[in-house]
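For reference, the chains in residue letters:
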Amino acid sequence: MMAAHSRSKSFSDHSSYKTCYSYESVHAQLETVLSVAGMTCAACVNSIEQHIGALNGIASIKVDLMTAQATVRHDEHAASAEAVRAAVDAMGFEAEVLVSKPVALPPPHPGAEDDCQAESWFAVEGMTCGACVATITSLLTALPGVAHADVQLLTAQAVVRHDPREVGVRDIAKTMADAGFAATPLDMDATNSGTGAPDPSALALASMRKHRRQAAIRFFWSLLFAIPMLVFSMIIGMALPQSNGVFQALNRSVFQHYSVLTIIVFVIATAAQLTLGMYFYRHAFKSLIKARTANMDVLIALGTTAAYIGSIVSVVLQKGAGEQFFETAVFLMAFILLGRWLEAIAKGRTVSAVESLVKMQPDSALLVSTSGSSSDSGEVDELVTISARQIQLGDLLQVNSGMRVPADGVVVRGESDIDESMLTGESAPVTKAVGSAVTGGTLNISHTFRMRATAVNEASTLSRIVKLVREAQSNKPRLQDIADRVAARFVPFVVLGAIIVFVAWIIAGATGGIHHDWLDSKQSMGGMGASDGQKPMAYGIFSLLNAIAVLVIACPCALGLAAPTAIMVGTGLAARFGILVKGGGATMEAASNIDVVAFDKTGVLTVGKPAVVDSHEEVSIEAKLAGFGMWLDACVLEIESLSSHPLAAAICTYLRESQPEAATAAHELLEHKELPGRGMQGLVRVSAEQAQALGWPASVEQATLLVGKDAWIKDEGCRVDVPVETRVRWSDSGLTTVAVALVPEPPALGPGRALAAFALSDQPRPEARDVVAQLRARGIEVWMISGDSPAAANAVARELGIDNVMAGVLPEQKSETVRMLQQRGTNADAGWLATLRSRVRSLIAALLRRPPPATRPRPLAKVVMVGDSVNDAPALAQADVGVAVGSGTAAAMETAPVLLMRPSLYSLLTFLHLSRVVFRRVKLNFAWASVYNLVCIPIAAGILYPAIDRGLPPVVAGLLMIASSLSVMASSLSLKLYREPKQHST
């Protein structure tokens, strides 16, 4: 139970929002949660936060549009809860106090200044590409007190670590809003009463659904302009013969020299610019003026405005007879809004793993009411349906067949089969009986049972998994950082390129470099109305259309989506297979190219449940003092029961079964401590008779009890006298030896005595040999790093086919061993290719009469460390990728960036294979997005005109721009077709 408690704490102790107050205000602080009706948009949220936040006595305020709640921390003397409610009411909203409670803050302590760090989450609206991410990141990191900012395009969230004494959540949100990105703080605090805001993952999913709806509305709104424009400009203006009555009527001049058709398309285009265009103008304006940067909206605004104004200038200067291409601006906006909608749909599918996990969280639970009697005995059977958010620790809950377990807990009555596939990926149900632990979100598939809640809401396993997956999807790999830097500089270069294209074609037209066929092809492909011949203005229009095509076709979105979309799908797949990748993209990137896998032995390569198979006790002391052996067994039983090591658990099991009286034998353990890599050490009280039987003076009252490794016992001056033939048999069998010794306190009063030894055996996992063989077949070097004796470690290694063994390694030495494996370097540069490169470099140096190049040092090897105990935590932290098995301790699971929830090492093979597949797709996405832009931008600029007399009209360029992002999204979504490799134990 101690281990389970510490594990739960390790997941839930990361406070996501912390505000620092003066000591004088601690006792006057209240946290009031209000329901606020009438909010319709982020502007309402911002107005409430700014107005209420400016009131005297308000320490912080967080308004959540999705839940229609506001959480206010305030001084109860300067601003009461009722005063806060009245202030919100006065703004035109309907507010009601849900709960108001004192803020439990600890008194100040030394070093408190360093602890005032807040991690605030924001939902960010309006981001469209990697340039937006780079802009927001640079703005936030420039704020005083901001230590780190992580902005995610795909989830539309920002995580900011800051000092709230220097900059608060309102300031951060305002900075993003001023730059054109509406930001809403997300409440990460959890309350057991259920009055807190919902989980940020649910908020993010709701925000994405809202974004999809808005994108769909904008696109369908654009059809109101695009369809009429298609009818008048394309069908009537270009498809109908000139003899058609409709064509003649619409081409009749009605105002000076302007035809009915020209006026109609002008009105449609103007209405589109004033409605649809305002969306792009507004975001472009805020990007340029407020944020002083450029994003995709700037390119779109420039392109559509150039097409609209260019058409007006052409028609006006030539009195209605010039080329007009009003339809270009309208179709561009319609196609781009279609692309935004399709992108929003695709983004939603990439986070379906998180959405499916969130949906597994039950909405309600059956609470068993006690009514003063013991419901466990069946005396009371009153069931009350409550919200799952209202479950409290210790609640007695009933889970009927077909229901999901509402919270983590322990079965107290009944027996049933539970489907834990959402946790481990294994479809086979697991039988749960009284005393068995159950996990919230798992499915009860057979009988009704009752349980006690041990972890609720954000402390539950499912909530922690959702949090881990969400955080993993926000961790950027190295390739993503490169893409973000490119995207930040992409738009200015594209604008410069478009200007160069325009000027170059103007010069070409003025010098006769534009052929008439090129102008005719531009007309026939759309984007121009009727041509009046080879007038000078035609060259300007031709140049302008090519420049617009460059502006429209260039898109940094594909580069920005290349990595996060694939990583989101990959981490979601991993979670489905029972693998939690806490390190996200960075961890998967490292795991995609691994050189060495190092395993701990006990609990990793073996089942972790050793058993005592033999023992030896010093009988001479028992002959001197009857009952001494029972007393010693009692001391060993108690001190080993305080250890989480599997060897200690095996010794306890053995003593309880072979010496049941030891559990009640008189003894006194004064103190104890666990020495990682050595064993348990304690202080016991000894009687004068016991001291004399041990050969010590009768004045000895206390002795140090040592239970652990042979080598450690010997270092303490105690000799383990096990018969030679017994020791040889143990050694040949690879058994692990645990010795027991007593040392007088102080040690100068007499020699230490080794009094007993236990021989333990741990069976290898059935799949371990096959896993090792498959790793070696992939060219990965396999090592065993164990704290056990060389004989025990080598015996297991021989059975599993492992050639490289480091035994008798202490915890701090394990991390040094991992470092040594890394510094040995990789063999990636070995072979014929490396030899060829070396010879080419030498040949070039000889031709240039330079000294031969120095031999390059081999790159560091990438090492995966697989462990399960506190002893492995330093090595897991040192390794490039630390992997903790699901049965491990909380320390190992907290340190390792990868958790294997299944009780099988095959998950390691799946993780390594999936990482390679995901990052091959990431590299493919980057290559495709880069080549797409490098090829399409010159084509849009008109580079193919001399060869094939054809180019790209702006409308077609807009479609290709959409295709670039959608193709990357489709590439990443195709990862969902990934199937876990079939594994067969041998």
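A brief look at the structure comes next. Every value quoted in this text rests on a predicted model; they were computed, and no experiment measured them.

**Quick look at the overall build of the protein chain**
- A tally of regular secondary structure across the protein chain gives 35 helices and 32 strands.
- Burial status across the protein chain gives 53% buried among its 986 residues.
- For the protein chain, contacts bridging at least 24 residues in sequence account for 74% of all contacts bridging at least 6.
- With the model as given, the accessible surface of the protein chain reaches about 42100 Å², and the carbon-plus-sulfur share is 58%.

**Here we look at the environment of I579**
- Tracing the sequence through the fold places I579 in strand β20 (residues 579-581).
- With relative accessibility at 1%, the residue I579 sits in the buried group.
- The residues contacting I579, other than those within four sequence positions of it, are A574, V898, L899, L900, S907, T910 and F911.

**Thoughts on helix α22 (residues 628-641)**
- The end-to-end C-alpha distance of α22, which contains 14 residues, comes to 20 Å, matching closely the 20 Å that a straight helix rising 1.5 Å per residue would cover.
- With eleven of 14 residues buried, α22 lies mostly within the body of the structure.
- Along α22, the residues classified as buried are F628, G629, W631, L632, D633, A634, C635, V636, L637, I639 and E640.

**Describing the pairing of strand β30 (residues 863-867)**
- Within β30, five of the five residues are buried, which leaves it mostly tucked inside the rest of the structure.
- Burial along β30 is two-sided: the residues V863, M865 and G867 and V864 and V866 are all buried.
- With four bridges connecting them, strand β21 (residues 596-599) and β30 associate as parallel partners. Its bridge partner being in β30, V597 is matched across the sheet by V864.
- By the bridge criterion, four bridges tie β30 to strand β31 (residues 881-885) in an arrangement that is parallel. The residue of β31 that forms the bridge with M865 is G882.

**A look at the nonpolar core**
- Counting 82 residues, the largest nonpolar core has F122, V597, F599, L775, L908 and L912 as the members making the most contacts within it.
- Examining the composition of this core, we find that twelve residues originate from one element, helix α33 (residues 906-941), more than from any other.
- The contacts of L775, once residues within four sequence positions are left out, are V597, F599, I780, V782, L908, L909 and L912.

**With respect to the packing of α33 against helix α35 (residues 954-973)**
- Viewed as axis vectors pointing N to C, α33 and α35 meet at an angle of 170°, and their least axial separation amounts to 10 Å. The angle between α33 and α35 falls in the class roughly antiparallel. When α33 is examined against α35, the residues R921, L924, N925, W928, A929 and Y932 are found in contact with a partner set consisting of L960, A963, S964, S967, V968, S971 and S972.
- A class-by-class count of the residues in the contact of α33 with α35 yields seven nonpolar, five polar and one charged.

**Some remarks on the sheet that holds strand β12 (residues 382-387)**
- With antiparallel pairing, the six strands of this open sheet are ordered in space as β12-β11-β13-β19-β14-β17. In the strand order of this sheet, the two ends are held by β12 and β17 (437-438), each with one partner.
- Summarising the sheet, strand β11 (residues 364-369) and strand β13 (residues 396-399) pair through two bridges and their orientation is antiparallel. Looking across to β13, one finds that L366 is bridged to Q398.

**A look at the sheet that holds strand β16 (residues 430-432)**
- Judged by pairing direction, the sheet is antiparallel, and its three strands sit side by side in the order β16-β15-β18 without closing on themselves. A strand with exactly one partner marks an edge of an open sheet, and here the two such strands are β16 and β18 (443-444).

**Side note on the side chain of S971**
- The residue S971 is located in helix α35 in this model.
- Of the residues examined, S971 reaches a relative accessible area of 14% and is grouped as buried.
- Setting aside its immediate chain neighbours within four residues, S971 contacts R921, L924 and N925.

**A closer look at unusual backbone geometry**
- Each neighbour pair has its own omega, and for E745 with P746 the value is 5°, a cis peptide bond.
- Turning to its location among the elements, P746 is positioned in the loop between β26 (736-744) and β27 (753-761).

**Quick notes on the pairing of strand β15 (residues 416-419)**
- Side chains S416 and I418 project from β15 onto a buried face, and the interleaved D417 and D419 project onto a face without burial.
- The pairing of β15 with β18 spans two bridges and is classified as antiparallel. Paired with I418 across the strands is N444, a residue of β18.

**A look at the packing of aromatic side chains**
- For the structure on display, the rule yields nine aromatic pairs.
- A centroid spacing of 6.4 Å and a plane angle of 10° characterise the contact between F266 and Y308, whose relative ring orientation is stacked. Separated by 42 residues along the polypeptide, F266 in helix α9 (residues 260-290) and Y308 in helix α10 (residues 296-317) bring together distant segments of the chain.
- Judged by relative accessible area, which is 34%, F266 ranks as partly exposed.
- Geometrically, the ring pair formed by F628 and W631 is tilted, given 5.5 Å between the ring centres and 40° between the ring planes. Of the two residues, F628 and W631 both sit in helix α22, three residues apart, roughly one turn of that helix.

Reading the values: rules and limits
Residues numbered from 1 in each chain as written. Predicted model: local features only at pLDDT ≥ 70, side-chain atom pairs only at ≥ 80, totals over all residues. Heavy atoms only, no water. Helix = DSSP H or I, 4+ residues; strand = E, 2+ residues; numbered from the N terminus. Buried < 20%, exposed > 50% of the residue type's maximum accessible area, 1.4 Å probe, protein only. Contact = heavy atoms within 4.5 Å. Areas by Shrake-Rupley, 256 points an atom, 1.4 Å probe, with all protein chains shown as cover. Expected span 1.5 Å × (residues − 1). Pairing = 2+ DSSP bridges. Core = buried A, V, L, I, M, F, W, Y, C linked by side-chain atoms within 4.5 Å. Axes fitted to C-alpha atoms, helices over the stretch in contact; angles between N-to-C directions. Parallel < 35°, antiparallel > 145°, perpendicular 65-115°, else oblique. Nonpolar A, V, L, I, M, F, W, Y, C, P; charged D, E, K, R; others polar. Phe/Tyr/Trp six-rings, centres within 6.5 Å; stacked < 30°, edge-to-face > 60°.

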